[in-house]
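Here are the chains, one letter per residue:
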Amino acid sequence: MKIKQLSLVSALLWFSQAFLHFLLLIGAPLGQFVFGGVYTVFPLWLRPVNLALFLLWTFFGYSYLLYGGILKSSWQEKTLTRIIQLVTVFLGLATCFNFFVSNSPLEKYGTGSMTALTFLLSCYLLILSKKSR
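Worth saying up front: this structure is predicted, and the values here are computed from it rather than measured.

Peer 1: Sorry, what's going on with the layout of surface pockets here?
Peer 2: Estimates place the volume of the largest pocket at around 310 Å³. Along the walls of the largest pocket sit 18 residues, with W57, A94, N98, E107 and T111 positioned nearest its centre. Those elements that place two or more of their residues in the lining of the largest pocket are helix 1 (2–25), helix 2 (47–67), helix 3 (77–100) and helix 4 (105–132).

Put into structure tokens, the structure is as follows:
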């Protein structure tokens, strides 16, 4: 049961990040949360990046739902495990970037805290699922 709960919370965190990029894509003034806070409103030429990140973060959230068995999957367990492992490594790197490189306080403490929480949950999820399988 813990695996399902961790997967659900992780997926919701990914979906909230995806929603942030969707809002940036449509012109919401929330740019201080991402990309070092360089833009308050993302310029049109950069919005395809928000679209790509929206799609990628949604895929990651969906992967967590599959991994936790919340949604039925035809994917092999090994494939899902590899995806979650890669995403966890990415989260670790993103956490370091958000806390130590970004100049934006909103990115550092807002998005960075969410990324760090997702990273910790993902690590715990991988450990628990390894023990249970």
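Peer 1: When you look at the packing of aromatic side chains in this model, what are you seeing that I'm missing?
Peer 2: Where two aromatic rings form a pair, the distance of their centres and the angle of their planes describe that pair. All told, the structure shown has 12 aromatic pairs when counted by the stated rule. Their ring planes at 75° and their centres at 5.1 Å tell us that F35 and F42 sit as a pair that is edge-to-face. Arranged with centres 6.5 Å apart and planes meeting at 55°, the rings of F60 and F90 form a pair that is tilted. Linking F60 in helix 2 with F90 in helix 3, this pair joins segments that are 30 residues apart in sequence.

Peer 1: Is there a simple way to explain the environment of K4 in this structure?
Peer 2: If you trace the backbone, K4 turns up in helix 1. On the accessibility criterion, K4 (40% relative accessible area) is partly exposed. Separated by 91 residues in the primary sequence, K4 and T95 have C-alpha atoms spaced 24 Å apart. Those residues in contact with K4 that lie beyond four places of it in its chain are G68, G69 and I70.

Peer 1: Looking at this model, I keep getting lost on the state of the cysteines. Mind explaining?
Peer 2: Simply put, disulfide is the name for a covalent bond between the sulfur atoms of two cysteines. What the rule picks out here adds up to zero disulfides. C96 forms no disulfide, and the closest cysteine sulfur to it belongs to C123, at a distance of 11 Å. You can call C123 partly exposed: its relative accessible area is 25%.

Peer 1: Just to check I follow, could you spell out unusual backbone geometry for this structure?
Peer 2: The phi angle of most residues is negative, glycine excepted, and most peptide bonds adopt the trans form. Notably, F35 is not glycine yet its phi reads approximately 55°, a positive angle. Mapped onto the fold, F35 is located in the loop between helix 1 and helix 2.

Peer 1: Before we go on, may I ask you to explain the side chain of T118 in this structure?
Peer 2: With respect to the helices and strands, T118 occurs in helix 4. If we ignore the near neighbours within four places in the chain, the residues touching T118 are S10, L13, W14 and L91.

Analysis parameters
- Here the residue index of a chain counts from 1 through its sequence in written order.
- Selection of residues for local features in this predicted model requires a pLDDT of at least 70, selection of side-chain atom pairs for listing and counting requires 80 or more, and totals for whole chains, interfaces and linings are taken over all residues.
- Just so you know, side-chain values use all the structure's heavy atoms and leave hydrogens and water out.
- Site definitions follow a grid-based scheme: protein atoms alone, a 1 Å grid, a 1.4 Å probe that fits but cannot get out for cavities, and for pockets an open set with protein on both sides within 12 Å along at least five of seven lines, plus lining residues having an atom within 4 Å of a point.
- Grid points are joined across faces, edges and corners, and a volume is the space filled by probe spheres set on the points.
- Counting from the N terminus, the helices are DSSP H or I runs at least four residues long and the strands are E runs at least two residues long.
- Centres within 6.5 Å make a pair out of two Phe, Tyr or Trp rings, where for Trp the six-membered ring is used; the pair is then stacked when the planes are under 30 degrees apart, edge-to-face when over 60, and tilted otherwise.
- Each residue gets one of three labels from its accessible area relative to the maximum for its type: buried under 20%, exposed over 50%, partly exposed in between, using a 1.4 Å probe on protein chains only.
- Any two residues having at least one pair of non-hydrogen atoms within 4.5 Å are treated as being in contact.
- Two cysteine sulfur atoms form a disulfide, by the criterion used here, when they sit within 2.5 Å.

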